[in-house]
Amino acid sequence: MPRRRNSLRDLATRSKTPGLAAANTGPASGRIVELDPGLVHDGGLADRLDVGQAEIATLSESLRNAGQKVPILVRPHPEKPGEYEIVAGRRRLAACHHAGINVRAEIQDLDDKSMVMGQAIENIAREDLTYIERAKLAARMVDEADISPADIDTAFSCGKTDRSRYLKIGRGVPDDILSFVGKAPGIGRPRWEKLVAHMATDETVLHRMRDALAAANTEGHSLGDSDARFSHLYEVALRSEPQVARKETPTPATREVRLPSHDRPVGTITRGGTGLQLAIRTDLKPGFLDWLAENGELLVVQMLREYESHRMIEDISAAVEEEKAKK
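Attention here is on the structure that accompanies the text. Here the structure is a predicted model, which means the values were calculated and not measured.

1. Some details on the packing of aromatic side chains
Move 1: By the definition in use, this model includes five aromatic pairs.
Move 2: Taken together, a centroid distance of 5.4 Å and an interplanar angle of 25° make the contact between phenylalanine 230 and tyrosine 234 stacked. Placement of both phenylalanine 230 and tyrosine 234 in helix 11 (residues 226–238) is noted, with a separation of four residues, approximately one turn of the helix. Tyrosine 234 matches phenylalanine 230 in its accessibility class, with the two residues each being buried.
Move 3: Between phenylalanine 288 and tryptophan 291 the ring centres are 6.3 Å apart and the planes differ by 20°, which places this aromatic pair in the stacked class.

2. Section: the sheet that holds strand 7 (residues 267–271)
Move 1: Taken together, three strands build an open sheet; the order of strands is 6-7-8 and the sheet is antiparallel. Because the sheet does not close on itself, it has two edges, and the strands there are strand 6 (253–257) and strand 8 (276–280). The mean angle between the axes of side-by-side strands here comes to 15°, regardless of whether they run parallel or antiparallel.
Move 2: Pairing geometry for strand 7 and strand 8, over five bridges, is antiparallel. Note on strand 8: the bridge partner recorded for threonine 270 is glutamine 277.

3. Topic: the sheet that holds strand 2 (residues 40–41)
Backbone-to-backbone hydrogen bonds pair the strands of a sheet. The strands run either parallel or antiparallel.
Move 1: The strand order 1-5-3-4-2 describes an open sheet built from five strands, whose pairing is mixed. Of all the strands in the sheet, the pair left with one neighbour each is strand 1 (32–35) and strand 2.
Move 2: Of the strands in this sheet, strand 2, strand 3 (72–76), strand 4 (84–88) and strand 5 (103–107) are in contact with helix 3 (residues 90–99), which crosses strand 4 at around 125°.

4. Digging into the pattern of salt bridges
Move 1: Here the structure, examined in full by the defined rule, presents 14 salt bridges.
Move 2: Taking the shortest distance from any N to any O, the salt bridge between aspartate 175 and lysine 136 comes out at 3.0 Å. With aspartate 175 in helix 8 (residues 175–181) and lysine 136 in helix 5 (residues 131–143), this residue pair connects regions lying 39 residues apart in the sequence.
Move 3: Given a relative accessible area of 15%, lysine 136 falls into the buried group.
Move 4: One salt bridge in this structure joins aspartate 283 and arginine 264, with 3.1 Å as the shortest N-O distance. With aspartate 283 in the loop between strand 8 and helix 12 (288–326) and arginine 264 in the loop between strand 6 and strand 7, this pair connects stretches of sequence that are 19 residues apart.
Move 5: The network of salt bridges with shared partners includes Asp162, Arg165, Arg189 and Glu193.

Cut-offs used in this document
- Residues numbered from 1 in each chain as written.
- Predicted model: local features only at pLDDT ≥ 70, side-chain atom pairs only at ≥ 80, totals over all residues.
- Heavy atoms only, no water.
- Phe/Tyr/Trp six-rings, centres within 6.5 Å; stacked < 30°, edge-to-face > 60°.
- Helix = DSSP H or I, 4+ residues; strand = E, 2+ residues; numbered from the N terminus.
- Buried < 20%, exposed > 50% of the residue type's maximum accessible area, 1.4 Å probe, protein only.
- Pairing = 2+ DSSP bridges.
- Axes fitted to C-alpha atoms, helices over the stretch in contact; angles between N-to-C directions.
- Contact = heavy atoms within 4.5 Å.
- Salt bridge = Lys/Arg side-chain N within 4 Å of Asp/Glu carboxyl O.

Structural data, given as structure tokens:
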């Protein structure tokens with residue numbers, strides 16, 4: 001906790017807005033106070049995709065019984081003296097409002113950009129945003145709040161590679177699809193990344209997904225929770241379109257086989273509708289074709305093992321990345 005608070009206070013120190021707190025008749029910046037939830041208004045960027053009333057009701061009951069341990073973060077409202085804008089803690093604010101109790105709040109004098117940065121730092125540090133919520137928040141911070149991409153690294157405690165992934169995925173998933181899916185807590189980066197990449201390379205994917213979405217809405221399909229809704233659209237997106245049979249026979253794809261020790265191709269690999277053919281020049285090495293004819297099965301077995309090892313490494317890497325994204 002101390003590390004997160006220091007980060008937010010550093011933001012407040014660097015972003016002092018002359019007259020912002022002075023124009024507000026409430027408590028001074030930096031204090032923790034109790035406020036009427038009705039005095040705290042929306043601010044910053046929406047960072048959660050779906051917060052159900054059941055979740056708010058459960059949290060409000062907990063606050064009634066155990067009290068509010070962690071204060072929300074607010075700033076003085078720039079236009080309404082004595083009132084505030086929420087920076088972080090929207091669920092706690094909603095739960096206090098639902099419970100009819102005051103909300104404990106820390107007041108910081110933040111300008112608009114630092115308000116958005118503080119919101120991200122607070123929520124990322126709590127580690128309760130799902131991967132797609134983080135990605136969408138990062139994209140909105142850059143595209144709507146004019147936050148520099150480099151500041152995303154600070155707010156999200158990430159490097160350039162992860163920042164690039166956040167922005168690509170956050171920008172790549174349309175709002176209507178995201179609204180249908182929700183926060184998808186069990187879905188990590190690899191599957192979101194694969195979905196976005198598929199949408200970028202196949203222009204029919206988004207149409208199929210929206211058709212499935214419309215069908216689910218009109219037919220009243222019950223797709224369970226958010227993860228189930230993602231899985232439904234994911235399967236639709238990666239499902240191949242039926243190919244129209246062609247009368248003409250497609251030209252097989254052929255490429256040359258080259259070896260570093262030879263100055264010209266030693267053969268060709270041709271892939272057609274019925275399989276793959278490897279053709280080797282007869283003058284490659286004396287006796288090699290005879291040996292290959294007798295031992296070709298050994299080569300196929302070895303290549304299958306290499307392929308299986310490759311796939312296993314890829315699957316393990318994807319699983320590790322997905323587990324990291326969930327944490």
